[in-house]
Amino acid sequence: MNLDEAIRLRDPTRLPSRRDEDWRWTDLRGLLRTLPEPSQPLPTDAIGPGPFDGLAGEVLIVANGSGPEEIRIGEGETRTLVLRHISRGDGAHTSRLRIDVGPSARLTLLESHEGGGAGLSLLGVDLQLGADSACERLVVADMDPDAVAVVELDARLAAGAGLSQTLLTTGARRQRFETRVRHPGQGAQVRLDGVYVLRERRHADLTSSVRHEGPGGRTDQLARGMVDDQARAVFQGRIIVQEGADGTDARMAHNALILSDRAEVDARPELEIYADDVACAHGATVGALDDEVLFYMRQRGLPEGEARSLLVASFLGEVIDRVGSPEAAERMRSWLQARIGAGD
Amino acid sequence: MLSLRNLHARVGEREILKGLSLEVPAGEVHAVMGPNGAGKSTLSYVLTGRPGYEVTEGAAELDGVDLLGLEANERAAQGLFLSFQYPLEIPGVPALTFIRTALNAQRRARGEAEMSAPDFLKRARACAADLRMDFDMLKRPLNVGFSGGEKKRMEVLQMALLSPRFMILDETDSGLDIDALRIVSEGVNALRAPDRSMLVITHYQRLLDYIRPDRVHVLADGRIVASGGPEMALELEREGYDKYARAA
Ligand SMILES: Nc1ncnc2c1ncn2[C@@H]1O[C@H](COP(=O)(O)OP(=O)(O)OP(=O)(O)O)[C@@H](O)[C@H]1O
Ligand SMILES: [Mg+2]
């Protein structure tokens, strides 16, 4: 299984399938009998506004897979990058961007995945975080309902570095966000949060693995989402605490709201611990909105749809409360609000 | 104002209201007393339109408007308010946000202009002060982690801010300490007006010392089995419901 090769060689037999343990709930092989033609180049001048427009930062565009391949943030620098992934048409494409964040540098990465394309894409970022540097990656994804997409982050932290991530997605025909982190411990900190709002027949998969390789690291993960209609969410969170990564503190929570009988949530939190003196906690809940609470709200005068939206917004909004950049957080909050209200 | 005629209602397969009739004229406060399980809370849910409470016979009107044909939120917009026996917690939604959203939803439904945030805040501060509530409590998620008595106070605060026309208080006194009972009762009395009425469900005369009812009704086995003046509450306290339970 290798998605990158599958796309490049147009070989469907290389697509990840339900037989691959980590892909059993996001089967691409069973979905695509043939691979689409390579995507046409996309001129970047006709691209409309993006979700982070107006916030200070240098804008980078990856259009149908082509865009910058490498970015360096020098030692001690503070930068905001707006990274827009735009896919149009029915083709297939891949892209890989390497970002090097120098020691003690600060990067805010405002990333969007903007729809319009029904094809297949593999979009990746390789992130190297130098000693004592920090990166906050904030992602909003509004893809075409027919898109098939995998978005990857491979992050490698040096001692004392911090990575904070918040993903917001409305899913696609089949969509996966995969985040892999190598965590050196030694004062490094990781926050991996996510929110999905899925309706109709959309699918989103939040998969992550964090490997604690040294002592004294922290990982904190909060994923929340709602599924309605016939949508399907997948959460797979794996935290590995290697031998020697003593004193690791790792917390993971996934809470889902199911708003329809035909919607589905598959969750697999996994903690593998091979070290000592480790504080690990994981909590997972999957439930519906409380009918008694809804009646109480309606008795006060709220129409049912409004009552539901208010409950969903407050439930999901707690993830946004953890975002560090206040202006981006406000954008994300209204982005989310618009998508929650939309279905009622 | 409120007119109930021969109400029959069931929850699941079980009939709980069995031909209940009651008239509450405008401006009056009526108390409803009765043994546990008689159907008092059921009556309050039937009137406010809780799903699962099915009316099989009879009529319920508020100023001539058929309540039974309306959604729960439409009934609220008509001015019907229930102070819950067991108020619910709303995680993540600050009390102020919740009440303002509810108030404006009601106003929209009635074709009135929404209340601005500053106007609302001013009123909320005044109401909280009247009920001796710490204003910071209104910034917390509604009822989450509140004590039983605090929740009841919050019910009355919501009632004051929503200024309904017809109020049902389902055991609002239970869980309140002696001082709180007085303060909350004063808050309720402040809402008495010629164009407003109340149904006060309680087990104790104590509350009725503060909120003087015009009439007292005994609800037993799904029906009003006796009605009288305020003195009837005293008699019930002395003698209990024995004779009514037998009559019912
Ligand atoms: N959801 C339900 N399913 C089945 N039975 C119910 C349900 N709700 C209420 N009942 C029953 O209906 C009857 C009336 O209950 P209700 O809560 O109205 O009593 P009440 O008069 O308010 O009592 P209390 O004084 O204890 O508050 C009780 O026997 C109760 O068990
Ligand atoms: Mg009751």
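Small disclaimer: the values here were computed from a predicted structure and weren't measured.

Asks: Just to check I follow, could you spell out the overall build of chain B for this structure?
Replies: Helix and strand counts for chain B come out as nine helices and 10 strands. The C-alpha atoms of chain B give a radius of gyration of 18 Å, which matches the 18 Å a tight globule of 248 residues would have. Along the longest, intermediate and shortest principal axes, the C-alpha atoms of chain B span 55 × 40 × 35 Å. For chain B, restricting intrachain contacts to residue pairs at least 6 apart in sequence, the fraction spanning at least 24 positions comes to 68%. Accessible surface, chain B as shown: approximately 10,400 Å² in total, 48% of it carbon and sulfur.

Asks: I'm lost on the sheet that holds strand E3 (residues 78–86) of chain A in this one. Help?
Replies: Sheet strands line up and pair through hydrogen bonds in the backbone, either parallel or antiparallel. Residue and element names in this part refer to chain A. Spatially, the nine strands line up as an open sheet ordered E1-E3-E5-E7-E9-E11-E13-E15-E17, and their pairing is parallel. Pairing within the sheet leaves two strands with one partner each, and these edge strands are strand E1 (58–63) and strand E17 (279–287). Each strand of the sheet is rotated relative to its neighbour by a mean of 10°, with strand direction disregarded. Bridge count between strand E11 (residues 189–198) and strand E13 (residues 218–227): 10 bridges; the pairing is parallel. The residue bridging Gly194 from the neighbouring strand is Ala223, located in E13. Helix H3 (residues 304–320) contacts strand E9 (162–169), E11, E13 and strand E15 (249–258) of the sheet and is inclined by roughly 155° relative to E13. Against the sheet, helix H4 (residues 326–341) engages strand E5 (106–114), strand E7 (134–142), E9 and E11, with an angle of about 25° to E7.

Asks: Sorry if this is basic, but what is going on with the packing of aromatic side chains here?
Replies: Both the distance between ring centres and the angle between the ring planes are used here to describe each pair of aromatic rings. Applying the stated criterion across every chain, the model contains six aromatic pairs over all chains. Against the face of Trp335 of chain A rests Arg339 of chain A, its NZ or CZ located 4.1 Å from the ring centre. The lysine or arginine in question, Arg206 of chain B, covers the ring of Tyr204 of chain B, its NZ or CZ lying 5.6 Å from the ring centre.

Asks: Explain the pairing of E15 of chain A here, please?
Replies: Two faces belong to every sheet, and in a regular strand the side chains alternate between them. All names here are of chain A. Most of E15 sits inside the fold, with seven of its 10 residues counted as buried. In this structure, E13 lies alongside E15, joined through 10 bridges in parallel fashion. When the sheet's bridge partners are listed, Gly225 is paired in E15 with Ala256.

Asks: Could you clarify how one ought to interpret the coordination of the magnesium ion (ligand 2) in this entry?
Replies: The expected angle between donors at a tetrahedral four-coordinate metal is 109.5 degrees. At an octahedral six-coordinate metal it is 90 or 180 degrees. At the metal site, the magnesium ion (ligand 2) is ligated by Ser41 of chain B (OG) and Gln85 of chain B (OE1), and these contacts range over 2.0 to 2.2 Å. A residue pair is termed long-range when its members are at least 10 positions apart, and Ser41 of chain B in helix H1 (residues 40–48) and Gln85 of chain B in the loop between strand E6 (80–83) and helix H3 (95–109) qualify at 44 residues.

Asks: I would appreciate a short explanation of the nonpolar core in the present structure.
Replies: A general trend in soluble globular proteins is that nonpolar side chains are found buried together. In this structure, Phe98, Leu138 and Leu157 of chain B are the most contacted members of the largest nonpolar core, which totals 117 residues. Among the elements that make up this core, the one with the highest residue count is H3 of chain A (nine residues). Contact partners of Leu138 of chain B, with chain neighbours within four places excluded, come to Pro94, Ala95, Leu96, Ala124, Ala128, Met133, Met154 and Leu157 of chain B. Formed by 53 residues, the second largest nonpolar core is a distinct cluster that contains Ala141, Leu198, Ala231 and Met252 of chain A.

Asks: Explain the pattern of salt bridges here, please?
Replies: For side chains bearing opposite charge, pairing can occur when the charged atoms are close. All names here are of chain A. Counted by the stated rule, this structure contains 56 salt bridges over all chains. Between Arg98 and Asp100 there is a salt bridge, with its nearest N and O atoms 2.9 Å apart. A relative accessible area of 33% places Arg98 in the partly exposed class. For Asp100, a relative accessible area of 15% translates into the label buried.

Asks: Help me understand the interface of chain A and chain B, please; the structure alone is not making it clear to me.
Replies: Reports of interface size often rely on the accessible area that becomes lost once the parts have come together. The interface of chain A with chain B comprises 17 residues on the first partner and 31 residues on the second. At the boundary of chain A with chain B, total buried surface from both sides reaches about 2,000 Å², with 64% on carbon and sulfur atoms. In terms of surface lost to chain B, no three residues of chain A exceed Phe295, Tyr296 and Arg300 of chain A, which account for 38% of the buried area on that side. Inspection of the region where chain A meets chain B yields four salt bridges. A salt bridge links Arg300 of chain A to Glu155 of chain B; its shortest N-O distance comes to 2.6 Å. At the level of secondary structure, the elements contributing two or more residues to the side of chain A that touches chain B comprise helix H2 (291–299) and H3 of chain A. When residues of the side of chain A that touches chain B are assigned to their parent elements, the largest contribution, seven residues, is made by H2 of chain A. When grouped by side-chain class, the residues that make up the side of chain A that touches chain B number eight nonpolar, three polar and six charged.

Asks: Would you take a moment to explain H4 of chain A for this structure?
Replies: Working note: α-helix, 3.6 residues per turn, so residues spaced by three or four point in the same direction. Residue and element names in this part refer to chain A. Between its first and last C-alpha atoms H4 spans 22 Å; for 16 residues at 1.5 Å apiece the expected length is 22 Å, and the two agree. Of all the positions in H4, only Ala328, Ala329, Met332, Trp335, Leu336 and Ile340 are classed as buried. Down the axis of H4, the buried set is contained in an arc of 130°. They therefore lie on one face. Of the residues in H4, the exposed ones pointing more than 90 degrees away from the buried face are Pro326 and Glu327. At its buried positions, H4 is contacted by E5, E7, E9, E11 and H3.

Asks: I keep staring at H3 of chain A and nothing clicks. Help me out?
Replies: Residue and element names in this part refer to chain A. With 17 residues, H3 ought to run about 24 Å at 1.5 Å a step, and its terminal C-alpha atoms sit 24 Å apart, in line with that. Where burial is concerned, most of H3 is hidden: 12 out of the 17 residues are buried. Residues Ala307, Ser309, Leu310, Leu311, Val312, Ala313, Ser314, Phe315, Leu316, Gly317, Val319 and Ile320 constitute the buried set of H3.

Calculation rules
- Residues numbered from 1 in each chain as written.
- Chains lettered and ligands numbered in written order.
- Predicted model: local features only at pLDDT ≥ 70, side-chain atom pairs only at ≥ 80, totals over all residues.
- Heavy atoms only, no water.
- Helix = DSSP H or I, 4+ residues; strand = E, 2+ residues; numbered from the N terminus.
- Rg over C-alpha atoms; globule rule 2.2 N^0.38 Å.
- Contact = heavy atoms within 4.5 Å.
- Areas by Shrake-Rupley, 256 points an atom, 1.4 Å probe, with all protein chains shown as cover.
- Pairing = 2+ DSSP bridges.
- Axes fitted to C-alpha atoms, helices over the stretch in contact; angles between N-to-C directions.
- Phe/Tyr/Trp six-rings, centres within 6.5 Å; stacked < 30°, edge-to-face > 60°.
- Lys NZ or Arg CZ within 6 Å of the ring centre and 35° of its normal.
- Buried < 20%, exposed > 50% of the residue type's maximum accessible area, 1.4 Å probe, protein only.
- Donors = N, O, S within 2.8 Å, 3.2 Å for Na, K, Ca; no water.
- Core = buried A, V, L, I, M, F, W, Y, C linked by side-chain atoms within 4.5 Å.
- Salt bridge = Lys/Arg side-chain N within 4 Å of Asp/Glu carboxyl O.
- Buried area = accessible area lost by both parts, 1.4 Å probe.
- Nonpolar A, V, L, I, M, F, W, Y, C, P; charged D, E, K, R; others polar.
- Expected span 1.5 Å × (residues − 1).
- Arc of directions from axis to C-beta.

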